[in-house]
Amino acid sequence: MTDQAKLMLGGKTAELEVRSGSVGPDVMDISSLYKRTGAFTYDPGFSSTASCESKITYIDGDEGILMHRGYPIEQLAERGDFLETCYLLLYGELPTAREKDDFVHRVTHHTMVHEQMSRFYSGFRRDAHPMAVMVGSVGALSAFYHDSTDIADPHQRMVASIRMIAKTPTLGAMAYKYHIGQPFVYPRNELSYAENFLHMCFAVPCEPYKINPVLARAMDRIFILHADHEQNASTSTVRLAGSSGANPFACIAAGIACLWGPAHGGANEAALNMLGEIGHKDRIPEFIARAKDKNDPFRLMGFGHRVYKNYDPRAKIMQQTCHEVLEELGIKDDPLLEVAMELEHIALNDDYFVEKKLYPNVDFYSGITLKALGFPTTMFTVLFAVARTVGWIAQWKEMIEDPQQRIGRPRQLYTGATHRDYVPIDQRG
Ligand code: CMC
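Cut-off values and rules
- Residues numbered from 1 in each chain as written.
- Predicted model: local features only at pLDDT ≥ 70, side-chain atom pairs only at ≥ 80, totals over all residues.
- Heavy atoms only, no water.
- Axes fitted to C-alpha atoms, helices over the stretch in contact; angles between N-to-C directions.
- Helix = DSSP H or I, 4+ residues; strand = E, 2+ residues; numbered from the N terminus.
- Parallel < 35°, antiparallel > 145°, perpendicular 65-115°, else oblique.
- Left-handed = near helix turned anticlockwise from the far one by under 90°.
- Contact = heavy atoms within 4.5 Å.
- Nonpolar A, V, L, I, M, F, W, Y, C, P; charged D, E, K, R; others polar.
- Core = buried A, V, L, I, M, F, W, Y, C linked by side-chain atoms within 4.5 Å.
- Buried < 20%, exposed > 50% of the residue type's maximum accessible area, 1.4 Å probe, protein only.
- Near = heavy atom within 4 Å.
- Polar contact = N/O pair within 3.5 Å; in protein donor to acceptor, adjacent residues only side chain to side chain.
- Pairing = 2+ DSSP bridges.
- Salt bridge = Lys/Arg side-chain N within 4 Å of Asp/Glu carboxyl O.

Considerations on the packing of helix α3 (residues 82-91) against helix α7 (residues 154-180)
Then step 1. Where α3 contacts α7, the two axes come as close as 12 Å, and the packing angle between them is 155 degrees. Accordingly, the angle class assigned to the pair α3 and α7 is roughly antiparallel. The hand of the α3/α7 crossing is right-handed. Taking contact as the criterion, the partners of Leu83, Cys86, Leu90 and Tyr91 in α3 are, on α7, Met158, Ser161 and Ile165.
Then step 2. When its residues are assigned to classes, the contact of α3 with α7 shows six nonpolar, one polar and no charged.

Here it is as structure tokens:
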């Protein structure tokens, strides 16, 4: 591969440096393009644009590979746990036993939220979507934890990171409890991260709540699978918000707002709703036909991915976890699962989906699993947000610590009106 690319435009030639990563496609550094040629690049949706340099997560979408700091997601999900993955994403290495104990201790002892937060919740309508509550309550953290909002201080950055990883499950569980009209359940320090989350969601004061280890393991695995996914829409949102120097709590709230959309984190909720709407496997052909119809905006939710043009590696693990959970709970003939399996089979053998490389993504199976765990669909994206918080915060920290970091400021191709003079209102026709 050459280390320079030549671009000729309007009689000018710009020589652009070509940079190689440790693995993956090279990039052309176009940062001086405008100065040299007077032209911008145009790439809506950033299909061909690397927005930053990163050492955190690598995806090979054609091969269906996902690695965090070099470790394949399959190994982390099979052999590790969520807090170990958090440590890896934040610090770059797997922890030693001592480092892990210390990290778990720090996260565990930051799980409570300021007591006034609970009064903040009562300002929301009971029927508010829990994601709406999450956007508000995570954003509000900056009003409660001023002492960790100085982004220039590495110690404060780490305190804010730990706080965010520790407190989003508490806020997520509170959003759920508020939604269903039950009292908030405080975190319990003797429980693991996933166990504590299940406890805060499903325990009630009037009887003991027994943790099922199979379900806790499934919860932990769901968190691992959603922990980070390089420069996706919400992560790019967090980086862009953070590039102005905004505090980390505000940046994560921006990420949560972006994640909520049905093309991103909202897809697991949309996928389950779609399976319910299909209802029976006999109706699958009708929905497949709709998905293929150019005049119908309907899409098969849980299928397709901007980066993966192969089976999403997370979907394979999620499928296995889904079966483990259903077996543990004795759910044998789940109609939604039956529709899901048949839909997957049909889509994987249909020319339209094969040609466009539309495979099931992680959200296809996570919805069914979360439903079996007892979560209502409105909570699905909240769970995604809880898991992704570590990815957002690791990416935000990397950006703040990058000496090349500048405020993000994309340019545009302007196609609106050119100069014209103001016309007084009585003279407008
Ligand atoms: N059902 C039917 N057709 C589809 C689908 C689908 N789910 N996804 C893409 N296509 C078609 C699309 O119509 C287009 O066809 P054509 O080239 O004839 O115009 C072609 O495939 C390429 O689609 P695109 O919209 O240009 O692809 P994209 O990379 O911009 O979109 C996506 C990726 C994930 C937004 C899209 O596949 C989609 O909307 N999927 C359903 C929502 C979903 O499951 N999202 C979860 C993503 S994974 C979790 C996450 O990372 O947040």
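Focus: the nonpolar core
Nonpolar side chains tend toward joint burial in soluble globular proteins.
Then step 1. Judged by nonpolar contacts, the single largest core of 113 residues is most densely connected at Phe197, Met219, Phe223, Leu300, Leu343 and Phe375.
Then step 2. The element that contributes the greatest number of residues to this core is helix α18 (residues 380-400), accounting for 14 residues.
Then step 3. Counting five residues, the second largest nonpolar core, distinct from the first, contains Ala5, Ala14, Leu16 and Leu33.

Quick notes on the site of the ligand
Then step 1. What surrounds the ligand is a group of 19 residues, the closest being His264, Lys294, Leu300, Arg306 and Lys356.
Then step 2. Between Arg299 and the ligand, the recorded distance is 2.9 Å, taken from a side-chain N or O atom to an oxygen atom.
Then step 3. At 3.1 Å from a nitrogen atom of the ligand is found a side-chain nitrogen or oxygen belonging to Tyr352.
Then step 4. Here the shell around the ligand is built from residues that sort into eight nonpolar, six polar and five charged.

Some points on unusual backbone geometry
Trans peptide bonds make up the majority, and among non-glycine residues the majority have a negative phi.
Then step 1. The phi angle at Phe46 is positive, at roughly 55 degrees, despite the residue not being glycine.
Then step 2. Tracing the backbone shows Phe46 in the loop between α1 (33-37) and β4 (57-60).

Regarding the packing of α7 against α18
Then step 1. Running from N to C, α7 and α18 cross one another at 170 degrees; their axes reach a closest spacing of 9 Å. Classed by the angle they form, the pair α7 and α18 counts as roughly antiparallel. Across the interface between the two elements, Arg157, Met158, Ser161, Met164, Ile165, Thr168, Pro169 and Gly172 of α7 pack against Val382, Val386, Thr389, Val390, Ile393, Trp396, Lys397 and Ile400 of α18.
Then step 2. Tallied by class, residues from the contact of α7 with α18 come to ten nonpolar, four polar and two charged.

Considering the sheet that holds strand β5 (residues 65-68)
Then step 1. Strand order in the open sheet made by the three strands is β4-β5-β6, with antiparallel pairing throughout. Every interior strand has two partners, whereas the edge strands, β4 and β6 (71-72), have only one.
Then step 2. Alignment of β5 against β6, held across two bridges, turns out to be antiparallel. Its bridge partner lying in β6, Met67 is registered against Pro72.

A few points about the pattern of salt bridges
Then step 1. Under the definition given, this model contains 18 salt bridges.
Then step 2. Of the charged contacts in the structure, one is a salt bridge between Glu190 and Arg188, with a shortest N-O distance of 2.5 Å.
Then step 3. Here Glu324 makes a salt bridge to Arg221, at a shortest N to O gap of 3.8 Å. Pair noted here: Glu324 is in helix α14 (residues 313-328) and Arg221 is in helix α9 (residues 213-225), with a separation of 103 residues, a long-range link.
Then step 4. Here the salt bridges share partners, and the residues they tie into one network are Arg19, Glu53 and Lys55.

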